[in-house]
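Structural features, examined
Letter by letter, the chains look like this.
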Amino acid sequence: EADIYQTPRYLVIGTGKKITLECSQTMGHDKMYWYQQDPGMELHLIHYSYGVNSTEKGDLSSESTVSRIRTEHFPLTLESARPSHTSQYLCASSRPQNTGELFFGEGSRLTVL
Amino acid sequence: QQQVKQSPQSLIVQKGGISIINCAYENTAFDYFPWYQQFPGKGPALLIAIRPDVSEKKEGRFTISFNKSAKQFSLHIMDSQPGDSATYFCAGRWGAQKLVFGQGTRLTINP
């Protein structure tokens with residue numbers, strides 16, 4: 001059972017605000033991911049990391065940025081939020097054994113007014 | 001092409017019936033095909049997965065059927081129960097654990 005935590009669970013902010021979505025995992029997993037989930041359900045990879053100081057952009061272009069200074073922590077930042085950023089953001093991690101299984105957090109639902 | 005196409009978008013099945021969700025892919029580099037289950041307010045969780053050298057995998061009431069030549073795979077839920085009501089995602093894996101997800105199927109099991 002993986003433990004991966006996301007905060008905040010829900011966030012409503014105004015346009016132009018800077019926000020950081022936090023993601024932490026206690027499993028010591030090297031690989032971590034951020035997915036954006038549309039209201040219509042589809043999941044898109046926006047960032048991933050294979051370890052400390054490693055970050056890559058995913059398949060869906062995103063104005064957000066990520067950092068990986070510690071193994072257990074993978075925060076996502078939006079410097080200036082816009083209504084188009086309204087979405088659910090899901091953080092995930094995976095074991096180093098390359099089993100193919102992702103462990104997801106419960107998500108951060110962001111609404112930008 | 002890294003897309004995975006999933007259908008139907010929504011599905012209603014009577015309790016005790018068989019739920020069938022289909023997926024198709026183009027990328028022959030996919031080496032692993034998982035299905036994830038997501039309940040409202042939760043993140044997706046791995047349900048069952050298959051590798052392309054296997055034609056079928058069964059775990060309890062859940063079965064994946066895989067057709068490599070047609071590049072299609074499907075999830076069958078036997079004896080569907082109201083607790084199975086959730087959103088289901090198929091996916092294909094490529095490039096060291098990068099998953100490409102299908103569009104999702106919202107399954108409702110009527111009691």
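This section reports on the structure supplied with the text. (Residues numbered from 1 in each chain as written. Chains lettered and ligands numbered in written order. Predicted model: local features only at pLDDT ≥ 70, side-chain atom pairs only at ≥ 80, totals over all residues. Heavy atoms only, no water.)

Brief notes about the overall build of chain B
Condition: We count a stretch as a helix when DSSP gives it H or I for four or more residues in a row; a strand needs E for two or more, and each element gets its number in order from the N terminus. Each radius of gyration is computed over the set of C-alpha atoms, and the globule rule expresses the reference value as 2.2 Å times the number of residues to the power 0.38. Exposure categories follow from relative accessible area, calculated using a 1.4 Å probe and restricted to protein chains: below 20% of the type maximum is buried, above 50% is exposed, and the middle band is partly exposed. The protein chains shown are the only cover counted for residues, whose accessible areas, like all others here, come from Shrake-Rupley with a 1.4 Å probe. The positive count covers Lys and Arg only, the negative count covers Asp and Glu only, and His and the chain ends enter neither. Lysine's charge is taken at NZ, arginine's at CZ, aspartate's at CG and glutamate's at CD.
Scanning chain B from terminus to terminus reveals zero helices and 11 strands. For 111 residues, the compact-globule formula gives about 13 Å, and the C-alpha radius of gyration of chain B, at 13 Å, lands near that figure. Oriented by its inertia axes, the alpha-carbon framework of chain B measures out at about 40 × 30 × 20 Å. In chain B, buried positions account for 47% of the 111 residues. Working note: accessible area of chain B is about 5,200 Å², and carbon and sulfur atoms make up 50% of it. The positive charge centre, built from 12 side chains, and the negative charge centre, built from 7, are 6 Å apart in chain B.

Side note on the side chain of Ser87(A)
Residues and elements named next belong to chain A. The test is simple: Definition of a polar contact: a pair of N or O atoms within 3.5 Å, with one able to donate and the other able to accept a hydrogen when the atoms are protein atoms, and with sequence-neighbouring residues admitted only if both atoms are side-chain atoms.
In this fold, Ser87 is placed in strand 9 (residues 87–94). Given the relative accessible area of 4%, Ser87 is considered buried. Reaching out from Ser87, the side chain makes a polar contact with the backbone oxygen of Gln37 at a distance of 2.9 Å.

What about the sheet that holds strand 7 (residues 62–67) of chain B?
All names here are of chain B. Put simply, the rule reads: Pairing between two strands requires that DSSP report at least two bridges joining them. Every angle, taken between N-to-C directions, lies between 0 and 180 degrees, and every axis is a line fitted to C-alpha atoms, over only the stretch in contact when it is a helix.
Taken in spatial order, the five strands line up as 1-3-8-7-6 in an open sheet, and their pairing is antiparallel. The open sheet terminates on both sides in strands that have one partner only, identified here as strand 1 (4–7) and strand 6 (56–59). Adjacent strand axes in the sheet meet at a mean angle of 15°, parallel and antiparallel pairs treated alike. Alignment of strand 1 against strand 3 (residues 19–25), held across four bridges, turns out to be antiparallel. Note that in strand 3 the partner of Gln6 across the bridge is Cys23.

Some remarks on the interface of chain A and chain B
Cut-off, in case you're wondering: The contact rule is simple, with two residues in contact once any of their heavy atoms fall within 4.5 Å. A quick way to say it: buried area is the sum, across both parts, of accessible area lost when two parts are put together, with a 1.4 Å probe. The term salt bridge refers to a side-chain nitrogen of Lys or Arg lying within 4 Å of a carboxyl oxygen of Asp or Glu.
With 25 residues of chain A in contact, the opposing surface of chain B contributes 27 residues. Roughly 2,000 Å² is buried in total at the junction of chain A and chain B, and carbon and sulfur atoms are behind 47% of that figure. On inspection of chain A and its partner chain B, the count reaches two salt bridges. Here Lys98(B) ties to Asp59(A) by a salt bridge, and the two come within 3.9 Å at their closest N and O atoms. Counting across the chain A and chain B interface gives six residue pairs in polar contact (both at pLDDT 80 or more). Listing elements by their share of the side of chain A that touches chain B, those giving two or more residues are strand 4 (31–37), strand 5 (43–51), strand 9 and strand 10 (102–104) of chain A.

Description of the sheet that holds strand 1 (residues 4–7) of chain A
Residues and elements named next belong to chain A. If you walk across this open sheet you meet the four strands as 1-3-8-7, and the pairing is antiparallel. Sheet topology places strand 1 and strand 7 (65–66) at the edges, where each strand pairs with a single neighbour. Relative to strand 3 (residues 19–25), strand 1 is paired through four bridges, and the arrangement is antiparallel. Opposite Thr7, over in strand 3, you have Glu22 as the bridge partner.

Some points on the pattern of salt bridges
The tally for this structure, following the rule as stated, stands at 10 salt bridges over all chains. Salt-bridge contacts for Glu79(A) lead to Lys18(A); the nearest nitrogen and oxygen are separated by 3.9 Å. With Glu79(A) in the loop between strand 8 (76–78) and strand 9 and Lys18(A) in the loop between strand 2 (10–13) and strand 3, the pair connects residues that are 61 residues apart, well separated along the chain. Each member of the pair Glu79(A) and Lys18(A) is classed as exposed. Note that Asp84(B) and Arg61(B) form a salt bridge whose closest N and O atoms lie 2.8 Å from each other. Pair noted here: Asp84(B) is in the loop between strand 8 (72–77) and strand 9 (86–94) and Arg61(B) is in the loop between strand 6 and strand 7, with a separation of 23 residues, a long-range link. For Asp84(B), a relative accessible area of 5% corresponds to the buried category. Given the relative accessible area of 27%, Arg61(B) is considered partly exposed.

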